[in-house]
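Here is how the chains run, residue by residue.
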Amino acid sequence: MRSDFDPERRAISVAAALALLGFPTITLSGCGGGGGYGGGPTGPNPTPAPTPGSGDVQGSISSNHGHSVFITAAQLQAGGAVLLTLTGNNTHTHTLDLSAAEVVQVRDRQRVSKETSSAEAHNHMVTFN
């Protein structure tokens, strides 16, 4: 057996394969330890979610499990393209690339929705405004 075997990762892979084959999957979780998306942090010292400042715009994240993301007031004022990192109490991160036009739309309070990068076999849809 390999020393880097992770039974939790295997369970996710099996669930994904069953879902692709059309089999229903059931996830049971209990109280206490355990990591993953529903439990507590599994890695050492995850990055805490920052608190938005005055004038910052926070994104709404689909299927969220502890991430947060926002565009700072300075980024909105500059109106240029940005590469945002979803942070929070997770052992993984996602990035979100917004064009200058999309940043201006957010600044002008127009709705912008965009998909994040993939991490740990999933991604999220982030909506501003």
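Preceding this section is the structure that the text describes.
In this report, we go over the structure that sits alongside the text.

The rules behind the values
Residues numbered from 1 in each chain as written. Predicted model: local features only at pLDDT ≥ 70, side-chain atom pairs only at ≥ 80, totals over all residues. Heavy atoms only, no water. Helix = DSSP H or I, 4+ residues; strand = E, 2+ residues; numbered from the N terminus. Buried < 20%, exposed > 50% of the residue type's maximum accessible area, 1.4 Å probe, protein only. Contact = heavy atoms within 4.5 Å. Areas by Shrake-Rupley, 256 points an atom, 1.4 Å probe, with all protein chains shown as cover. Pairing = 2+ DSSP bridges.

### Some words on the overall build of the protein
Looking only at helices and strands, the protein features three helices and eight strands. Helices and strands appear in the protein in the N-to-C order α-β-β-β-β-α-β-β-α-β-β. For the protein, buried positions account for 25% of its 129 residues. Pairs at least 24 residues apart make up 41% of the contacts formed inside the protein by residues separated by at least 6 positions. Of the roughly 8,400 Å² of accessible surface on the protein, 54% is carried by carbon and sulfur atoms.

### Comments concerning the sheet that holds strand β3 (residues 67-68)
Sheet architecture is open: three strands sit in the order β3-β5-β6, paired in antiparallel fashion. Taken across any chain shown, the strands that pair with only one partner, and hence form the sheet edges, are β3 and β6 (94-98). Across five bridges, strand β5 (residues 82-88) lies against β6 in antiparallel orientation. Pairing of V82 across the sheet is with L98, part of β6.

### Let's talk about the pairing of strand β8 (residues 125-128)
By the bridge criterion, two bridges tie strand β2 (residues 60-61) to β8 in an arrangement that is antiparallel. The partner of S60 across the bridge, within β8, is T127. Two elements, strand β7 (residues 112-115) and β8, share four bridges in a ladder whose sense is antiparallel. Bridge assignment links S113 to a residue of β8, and that residue is T127.

### Here we look at the environment of T91
For T91, the location among the structural elements is in the loop between β5 and β6. Judged by its relative accessible area of 42%, T91 falls in the partly exposed class. Distance in space between the C-alpha atoms of T91 and E120 is 9.6 Å, their sequence separation being 29 residues.

### Section: the sheet that holds β2
Here we have three strands laid out as an open sheet, ordered β2-β8-β7, and antiparallel in their pairing. The outermost strands of the open sheet, each flanked by one partner alone, are β2 and β7.

Purely geometric stuff here, so don't read any function into it on its own.
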